[in-house]
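The lines below spell out each chain.
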Amino acid sequence: MHFWPLSRSRERMDSIEVQSLSKTFGRFTAVDHISFRVKKGEIFGFLGPNGAGKSTTIRMLCGIIRPTSGEGSVGGFSITAQADEIKKIIGYMSQRFTLYQDLTVEENVDFHGGIHGLSPSSAKERKEWVLRMAGLEGREHSLTRELSGGWKQRLSLGCAILHRPQILFLDEPTASVDPVSRRDFWDLIYQLSEEGTTVFVTSHYMDEVERCHRLAIIYSGKIIADGSPKELKREFTGKEESTLEDVFLSAIKKEKSDEK
Amino acid sequence: MKNRIIPLARKEILHILRDPRSLYGSLIMPIVLLILFGYAITFDIKHIALAIIDQDSSSLSRDFISRVEGSEYFDLLYLSSSSTGFEKLLDEGKVKIIMVIPKNFSRDLSKGEDCALQLLIDGSNNNTAQVALGYTSLLVQAFSSNIILEKLNSKGTALQAGVPPIDIRPSVWYNPDLRSVNFIVPGIIAVVMMVLASISSSLTIAREWETGTMEQLISTPARPFEITIGKLLPYFFLGFIQILLVILVGTLLFKVPLRGNILFLFCGSAVFLVCGSGIGLLISTITRSQQLAYMLSILFTLLPSFILSGFIFPISSMPRIIQFFTYLIPARYFLIILRGIFLKGNGIVTLWPETLALLFFASVIVLACARRLRLSLE
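So, how was this worked out
- Residues numbered from 1 in each chain as written.
- Chains lettered and ligands numbered in written order.
- Predicted model: local features only at pLDDT ≥ 70, side-chain atom pairs only at ≥ 80, totals over all residues.
- Helix = DSSP H or I, 4+ residues; strand = E, 2+ residues; numbered from the N terminus.
- Buried ≥ 20, exposed ≤ 12 C-beta atoms within 10 Å, placed from the backbone.
- Contact = placed C-beta atoms within 7 Å.
- Pairing = 2+ DSSP bridges.
- Axes fitted to C-alpha atoms, helices over the stretch in contact; angles between N-to-C directions.
- Nonpolar A, V, L, I, M, F, W, Y, C, P; charged D, E, K, R; others polar.
- Parallel < 35°, antiparallel > 145°, perpendicular 65-115°, else oblique.
- Left-handed = near helix turned anticlockwise from the far one by under 90°.
- Core = buried A, V, L, I, M, F, W, Y, C linked by C-beta atoms within 7 Å.
- Expected span 1.5 Å × (residues − 1).

Thoughts on the overall build of chain A
- The secondary structure content of chain A amounts to ten helices and ten strands.
- Taking the principal axes of the C-alpha coordinates as reference, chain A spans close to 60 × 45 × 35 Å.
- Going through the 260 residues of chain A one by one, you find that 48% of them count as buried.
- Once local pairs closer than 6 in sequence are excluded, the contacts in chain A between residues at least 24 apart make up 67%.

This is the structure in structure tokens:
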């Protein structure tokens, strides 16, 4: 088995480092030899249409599924050999709403604190912080299923960052959320990034990926472009005032013509 | 290592409490089953509906009829001297047996000749038919030996009273009144525990897969075995509450004796519960859908522990091949343990082979679960 040299990634302060990572399900290749790096404290956007392999990549990085081939490291730990270590330093918010609907707000937060082994005092302090952040003070005892979309999403985020993860994985976090909630959400992401948290976020909303420090465009399992939003615009449309949507479409067009 | 089992178990208890209908259902179901089986399905056959066609109409035939009437096993519903239209009684299910006393009944008997008594039996329920046949034969035998005795006496043959020479004095141990409820209550405990344990454990895990929360759990530092134990622990205690309820209802309402050691009963139950939950866990590694998990649990636990455990059908009268399969059913061993403890007051000294077998099954199932769990996440 080939291990990615871990010491090097630490020196460079790369939080995530992926080399030729692939995942196949039967005959279907979901992720096809992708490579990229994410620096510490960076907001890295993973842009692509549905079914391009965004979620599969995130799930491999979080140690939920094993890659078919390739190697990567998250926070200096190998995703194939040290998944248990990775799970201690990451926060993961999946595409689906994964809090327990039949539990109250407080019970969900307490459960996440318990499973991450927070001490009673820090669990209490973090719980107060999450409830304030999510605007759920006074609704601690509401059942989670009774919350509206924006609240649920902020509560999910709160549970994902309750244990102060070094690296945060967000899989389409703003799907089914109203524009105001989305803006608040991104403000919070920026705040986390300034505090040193690395954020890996997938999306297919062009306007919000614009706010990432760097991004990669994934299309049928392959990364077809990566760089800062400015760089990508220059590379694919020649002008910085064009939108990421133009970049996205012309990158896919180029990829299709290359295939032929 | 930080303990993650406690928060997982606490969360599971909240799930159980938030769904009171399922909770009440799982507490009431064993008792409903017990009452259904205890009252409705009884193997003690009494009051068999009977019709007699008395073509002889003699004092001897009337004597015979009065003996039949006096028996609690038969209810004489129809009595007639002509046989016309009597088949309809069987067809319509009004009687289970028609007895035909032939014309020359008393003449043949008084001449000392053989006499045939015709019996028409409704064999659509072979169990009842066999029992009915048995009762009738006994009745007729007793009647004939009486006649022989009288004959011999009247001819002056010097025979002591008390003939026939061999007298059976049966003494039934453990269940002297042969009450089938004594037999059924231990069986219900085994079946209910097996079924409910496997259903609840397979459903609780399938539900986490269905809602996507399992993926969230896997992304946390909680390990698969911690997730599993934490989730199953509350159901394990629920299983014990169910056992307690069945024991209470069985001993108080149905007066089933509990002669053995309760502690041993609980220990055996704990091992058996591990088997049941483990089977549910294995099912949850095959399917992630609650519906399929439910059906598979019923298929793999209800039918085998009902049919192949010896709960209702005696294993010794099964075909050889089927008998072989019964050795693979944990309920088979647990049933022997339960009946031993309840009715015979047996302890570990007598029941160690079955206890060992259960322990063996429990460890095989737990090992299989650990293996499958690791594989299913990759």
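Here the narrative resumes, following the displayed structure.
With respect to the sheet that holds strand E1 (residues 48-54) of chain B
All names here are of chain B.
- With mixed pairing, the four strands of this open sheet are ordered in space as E2-E1-E3-E4. The sheet terminates laterally at strand E2 (74-80) and strand E4 (118-121), the two strands that pair on one side only. Within the sheet, the average angular offset between the axes of one strand and its neighbour, ignoring direction, is 20°.
- Judged from the five bridges that link them, E1 and strand E3 (residues 97-101) form a sheet pairing that is parallel. Across the sheet, Ala-51 pairs through a bridge with Ile-98, a residue of E3.

What about the interface of chain A and chain B?
- Contact residues are listed per partner, giving 19 residues for chain A and 19 residues for chain B.
- If you list the elements that add at least two residues to the side of chain A that touches chain B, you get helix H3 (83-89) and helix H4 (105-115) of chain A.
- Broken down by element, the side of chain A that touches chain B gets its largest block of residues, four residues, from H4 of chain A.
- Grouping the constituent residues of the side of chain A that touches chain B by class yields seven nonpolar, five polar and seven charged.

Some details on the sheet that holds strand E9 (residues 214-219) of chain A
All names here are of chain A.
- The six strands are arranged E6-E7-E8-E3-E9-E10 in an open sheet whose pairing can be described as mixed. This sheet does not close on itself; its edge strands, each paired only once, are strand E6 (90-93) and strand E10 (222-227). Averaged over all pairs of adjacent strands, the angle between their axes in this sheet comes to 15°, without regard to strand direction.
- Strand direction decides the pairing type here: E6 and strand E7 (residues 167-171), joined by four bridges, are parallel. Bridged to Ile-90 within E7 is Ile-167.
- Strands in contact with helix H6 (residues 149-160) are E6 and E7; relative to E6, the strand with the most contacts, it is inclined by about 160°.
- Strand contacts of helix H7 (residues 179-194): strand E3 (43-47), E7 and strand E8 (198-203), with the helix running at about 150° to E8, the strand carrying the most contacts.

A closer look at unusual backbone geometry
- The backbone of His-33 of chain A sits at a positive phi, close to 50°, despite the residue not being glycine.
- Note on placement: His-33 of chain A falls in strand E2 (residues 28-39).
- In the Ramachandran plot, Ser-57 of chain B falls in the positive-phi region, its phi being about 50° despite a non-glycine side chain.
- Here Ser-57 of chain B is to be found in the loop between E1 and helix H3 (59-70).
- For Ser-57 of chain B, a count of 12 C-beta atoms within 10 Å translates into the label exposed.

Comments concerning the packing of helix H10 (residues 262-286) of chain B against helix H11 (residues 290-308) of chain B
Residues and elements named next belong to chain B.
- Contact pair H10 / H11: the axes reach a minimum separation of 10 Å and the direction vectors enclose 135°. On the basis of the axis angle, H10 is oblique to H11. Seen along the crossing, H10 lies across H11 with a hand that is right-handed. Across the interface between the two elements, Gly-276, Ile-279, Gly-280, Ile-283, Ser-284 and Ile-286 of H10 pack against Ala-293, Leu-296, Ser-297, Phe-300 and Thr-301 of H11.

Notes on the nonpolar core
- Ranked by size, the top nonpolar core spans 74 residues in total, and within it Phe-169, Val-199 and Phe-200 of chain A carry the most contacts.
- At five residues, the largest contribution of residues to this core is made by E2 of chain A.
- Of all hydrophobic cores here, the second largest spans 55 residues; its members include Ala-197, Leu-203, Ala-293 and Cys-369 of chain B.

What about the environment of His-141 of chain A?
Residues and elements named next belong to chain A.
- Structurally, the position occupied by His-141 is in the loop between helix H5 (120-133) and H6.
- Exposure remark for His-141: the 9 C-beta atoms within 10 Å place this residue in the exposed category.
- Counting along the chain gives 116 residues from His-141 to Phe-25, while the straight-line C-alpha distance between them is 42 Å.

As for helix H7 (residues 180-211) of chain B
All names here are of chain B.
- Look at H7: 45 Å from first C-alpha to last across 32 residues, which is about the 46 Å you get at 1.5 Å a residue.
- Across the 32 residues of H7, 26 count as buried, placing the element largely inside the fold.
- One or two positions beyond H7, positive phi appears at Gly-212, with a value near 85°.

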